[in-house]
Amino acid sequence: MHILGVTLPENQLVKHALTHFYGIGTKTSLRLCARVQIHDRCRIRHLNQTQVTALTAFLSSPANSPPVTVQPLAPPHHAPSPLGQALPPPPAAQEPPVDRLRDIRIESDLRRQMRENIAHQRMIGSYVGRRHAMHLPVRGQNTQSNARTARKLNRVERYN
C-alpha cells in the first residue's frame, strides 16, 4: 500500500509500518495510531478506506487536523449512580494536554529543515557548522582513529 509516496508492507503491523516514514519512530507511530483510531494489533492489509484516508490526511497536514478530544477518566473510587437518578455535575474543566503530533514533520519537510539548520550553523560560523564543513564528527567523537564514518555521512547533501 502506498501512502504519501511511501510503500508500506501489507503484512506488517501498522505501528511498525509507519516507521518507514522518515521522521516517524516507534512512539510517534503509536501516537498516530491512537490519534486516527487504529487498533494496536491491526495490519496494513486490514485497514479500511476511512482509516487510510484519516491517516493520509493527518500525515499530509497535521497542523490543520482537528484538535484531540479529551475524555475524562473516572477516579479509582468511582461508583456508578443508580438508574433513574440525575447525573452529578461534571468536574471543573482542565486544560487540554499538549498535542505532540501537531508539529510533526516527515519526509522532505524534515530533510529540508535539517539542511537549513546545518546551513545556518555554517553561515554563523559556529563550531558545529565548521565541523560539518570539514566533514568531521560534530558531537565530540574521537577523530584519531574512527572519523571515517563521519566523513562519509557529512558528505551527504545535508549542507548545500
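Residues numbered from 1 in each chain as written. Predicted model: local features only at pLDDT ≥ 70, side-chain atom pairs only at ≥ 80, totals over all residues. Heavy atoms only, no water.

Some remarks on the overall build of the protein
Each helix and strand counted, the protein has six helices and two strands in total. Of the regular secondary structure in the protein, the N- to C-terminal order runs β-β-α-α-α-α-α-α. Relative to the compact-globule value of 15 Å for 160 residues, the protein shows a C-alpha radius of gyration of 23 Å, a clear excess of over 25%. Dimensions along the principal axes, computed over C-alpha positions, put the protein at roughly 75 × 40 × 30 Å. Relative to its 160 residues, the protein shows a buried fraction of 27%. (Helix = DSSP H or I, 4+ residues; strand = E, 2+ residues; numbered from the N terminus. Rg over C-alpha atoms; globule rule 2.2 N^0.38 Å. Buried < 20%, exposed > 50% of the residue type's maximum accessible area, 1.4 Å probe, protein only.)

Some remarks on the environment of Tyr22
Within the secondary structure, Tyr22 sits in the loop between α1 (14–17) and α2 (26–35). C-alpha of Tyr22 to C-alpha of Gly140: the two residues are 118 residues apart in sequence and 25 Å apart in space.

A few points about the environment of Pro9
Within the secondary structure layout, Pro9 lies in the loop between β2 (6–7) and α1. Here the alpha-carbon distance between Pro9 and His20, two residues eleven residues apart in the chain, equals 9.3 Å. Contact partners of Pro9, with chain neighbours within four places excluded, come to Ala17, His20 and Ile44. (Contact = heavy atoms within 4.5 Å.)

What to know about the side chain of Arg35
Turning to its location among the elements, Arg35 is positioned in helix α2. Among the residues examined, Arg35 registers a relative accessible area of 19% and is labelled buried. Discounting chain neighbours no more than four positions away, the residues touching Arg35 are Phe58, Ser65, Pro66, Pro67, Val68, Asp99, Leu101 and Arg102.

Regarding unusual backbone geometry
Its identity is not glycine, yet Gln37 carries a phi of approximately 60°, on the positive side. Position of Gln37 among the secondary structure elements: in the loop between α2 and α3 (49–60). The exposure class of Gln37 is exposed, given its relative accessible area of 66%. Positive phi is not limited to glycine here, since Glu107 has a value of about 50°. Of note, Glu107 is situated in helix α4 (residues 107–124).

Regarding the nonpolar core
A general tendency of soluble globular proteins is for nonpolar side chains to be buried together. Counting residues in each nonpolar core, the largest one holds 22 residues, and the members touching the most others are Val14, Leu18, Phe21, Ile24 and Leu59. Going through the elements one at a time, α1, α2 and α3 are the ones with two or more residues in this core. Considering each element in turn, this core owes the most residues, four residues, to α3. Not counting chain neighbours up to four residues away, the residues in contact with Ile24 comprise Leu18, Thr19, Ser29, Leu32, Leu59, Ile104 and Ile106. (Core = buried A, V, L, I, M, F, W, Y, C linked by side-chain atoms within 4.5 Å.)

A short note on the packing of aromatic side chains
With the rule as written, the count across this model stands at zero aromatic pairs. The ring of Tyr22 has Arg111 sitting right over it, with the charged end atom 4.1 Å from the ring centre. (Phe/Tyr/Trp six-rings, centres within 6.5 Å; stacked < 30°, edge-to-face > 60°. Lys NZ or Arg CZ within 6 Å of the ring centre and 35° of its normal.)

Remarks on the confidence of the model for the protein
Here the protein averages 87 in pLDDT, and 94% of its residues register 70 or above. At the level of individual helices and strands, the protein shows its lowest average pLDDT in helix α6 (residues 148–153), which scores 71, and its highest in α1, which scores 97. (pLDDT = per-residue confidence, 0-100.)

With respect to α3
The terminal C-alpha atoms of α3 lie 16 Å apart, and with twelve residues this matches the ideal 16 Å at 1.5 Å per residue to within 8%. Residues of α3 that are buried in the fold lie against β1 (2–3) and α2. (Expected span 1.5 Å × (residues − 1).)

Some words on α4
Here α4 contains 18 residues, and its C-alpha end-to-end distance of 26 Å stays within 8% of the 26 Å for a straight helix at 1.5 Å per residue. At the exit of α4 stands Gly125, carrying a positive phi of roughly 75°.

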